[in-house]
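# Breakdown of the fold
Below are the chains, spelled out letter by letter.
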Amino acid sequence: MSAVVPPAAGLRFPGEPRFAWRGVMLDVARRFRPLPELFRFVDLLAAHRITVLQLHLSDDQGWRFEVRAYPRLTEVGGRRSETQLGHGPASTLDGVPHEGWYRQSELRELVAYAAERGIRVVPELDVPGHASAILAAYPEFGVGGAEAVARRVREPWTRFGISDEVLNVEDETLAFVGTVFDELCEVFDDEIVGIGGDEVRKDRWRADPRTQRLMAERGIADEEELQAWFLGRVADGLRARGRRAVGWDEMLEGRDPAPDAIVASWRGPVGARLGARLGHDVVLCPDLWTYFDYRQSDDPAEPIPVGTVLALEDVAGFDPVPAAEPAWFAERVVGVQANVWAEHLDGPERLDYAVFPRLGAFAEVAWTGHPLDPADFAARLPAYLAWLDERGVGYRPPSGPRPEQQRPGVPGVPRDRASRIAELERLTAGLASS
Ligand code: ACM
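Residues numbered from 1 in each chain as written. Predicted model: local features only at pLDDT ≥ 70, side-chain atom pairs only at ≥ 80, totals over all residues. Heavy atoms only, no water.

## Observations regarding the sheet that holds strand β9 (residues 120–127)
Read around the closed barrel, eight strands run β1-β2-β9-β10-β11-β12-β13-β15, paired in parallel fashion. This sheet shows a mean twist of 30 degrees between the axes of neighbouring strands, independent of strand direction. Here strand β11 (residues 244–248) runs beside strand β12 (residues 262–265); their pairing, made up of three bridges, is parallel. Residue Gly247 lies in a different strand from β12, and its bridge partner there is Val263. Against the sheet, helix α9 (residues 223–240) touches β9, β10 (192–196) and β11, its axis set at about 160 degrees to β10. (Pairing = 2+ DSSP bridges. Helix = DSSP H or I, 4+ residues; strand = E, 2+ residues; numbered from the N terminus. Axes fitted to C-alpha atoms, helices over the stretch in contact; angles between N-to-C directions. Contact = heavy atoms within 4.5 Å.)

Spelled out as structure tokens, the structure:
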């Protein structure tokens, strides 16, 4: 177990943990990270008594998992010619190619290395949305015919946001996805496998006569149900291999795709509540409390500020299952997870800055299941920061970013909490009324 890695100084992990799933998701799709960086990250996670590393291996901007049956996924899907710099209308393109992917043998090494340190690696391939990197490599799996898709998608997306590109719903496409997940299961031995399911834009399915005909033939009422049908087929394939799916909370839109799936609830508590009511295990990763790409203060000097403010003190105040929640809900919560989306984390220094010291507070909340006593945590913080210093971790200082940690002139899009909460309510209204 993680006894081989002593806990970080200054942090406390008393008694037995409240949650078995104390997760961190790392987005290596937007930003490929060489294997040694992942080993270092695993060492740091182990010292924080994190038990799950979810590896987000595919997205619009890149595909990172070697698939023997479909080599173009990495050859074409693993490289983009340039990348968006900053966020919002004033963002630019950097003109710098970005590429990289992991050999299956390398990922096996990572799985073994993490296991020795008490960490399960849960791989995630995101379907049926966030599909541009797949479609750059294999346009026949997109909507509207291979020629049209190839014209639209010439390479993985160089911009950030939610692309309109989704997989089509032909049997051949489901077979392709099945083969890819087969190879994924050969490499990753954990019972749980991530299937994505988030932010699937429905416009292409809606406008495509062939998709509409397939829906009618299959008795599928609308595009939300089609998404659930797709994810259900992927989850069925995993079940046949003795695995279980974890998917983002959009998975429950339309209908419940897989009774045994774990729901990762990121858009507030609504998905978690519905998931628990339907009998799913749930992992809580609400963006307002656990998205480590979000800005750490209101200071305009924060590098590429996106999202709402998520200060160290806010993470320390995260109350995963407030006392007012009913017992049937609490019983279904198997874990909490911090998500490290990497659009704007374009190097190891930026990753360190986003993750630390917030991970210290998160790790203790994940262990105890409760918010931290602010004075007690503040008193232990210097010892923890000294421990990070000793390891060369470029954390965000409590006083704000050092000059070399700032990104002057690179625009961000700060959000305010009230507008984000209103947006989350809008986005989850369908789930709330289910
Ligand atoms: C997500 O943040 N799209 C899960």
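## A look at helix α1 (residues 35–47)
Under the 1.5 Å per step criterion, the end-to-end length of α1 is 19 Å for 13 residues, consistent within 8% with the ideal 18 Å. Buried within α1 we find Leu35, Leu38, Phe39, Phe41, Val42, Leu44, Leu45, Ala46 and Ala47. Looking at the buried positions of α1, the neighbouring elements they touch are β1 (21–27), β2 (52–56), α3 (104–116), α14 (348–355), α15 (358–368) and α16 (374–390). At the exit of α1 stands Arg49, carrying a positive phi of roughly 60 degrees. (Expected span 1.5 Å × (residues − 1). Buried < 20%, exposed > 50% of the residue type's maximum accessible area, 1.4 Å probe, protein only.)

## With respect to the side chain of Arg80
Within the secondary structure layout, Arg80 lies in strand β5 (residues 79–80). It is Asp94 that comes nearest to the buried, bridge-free Arg80 among opposite-charge side chains, at 6.9 Å. In this structure the side chain of Arg80 is engaged in a polar contact, spanning 2.7 Å, whose partner is the side chain of Thr83. Those residues within four positions of Arg80 in sequence are excluded, and the remaining contacts are Ala29, Arg30, Arg31, Gln61, Arg64, Pro97, His98, Glu155, Pro156, Trp157 and Thr158. (Lys, Arg positive; Asp, Glu negative; His and termini not counted. Salt bridge = Lys/Arg side-chain N within 4 Å of Asp/Glu carboxyl O. Polar contact = N/O pair within 3.5 Å; in protein donor to acceptor, adjacent residues only side chain to side chain.)

## Details of the UniProt feature "domain: Glycoside hydrolase family 20 catalytic" (unreviewed entry) in the protein
The UniProt feature table records "domain: Glycoside hydrolase family 20 catalytic" (unreviewed entry) at residues 19–369. When the span residues 19–369 is considered, its composition is 38% helix and 17% strand, and the gap between its end C-alpha atoms is 7 Å. (UniProt positions renumbered as here; feature names shortened; annotations may be inferred.)

## Section: the UniProt feature "active site" (unreviewed entry) in the protein
The sites that carry the UniProt feature "active site" (unreviewed entry) are, in the present numbering, Glu199. With respect to the secondary-structure elements, Glu199 resides in the loop between β10 and α7 (203–207). Judged by its relative accessible area of 26%, Glu199 falls in the partly exposed class. Setting aside chain neighbours within four positions, we find Glu199 in contact with His130, Ile162, Glu250 and Trp266.

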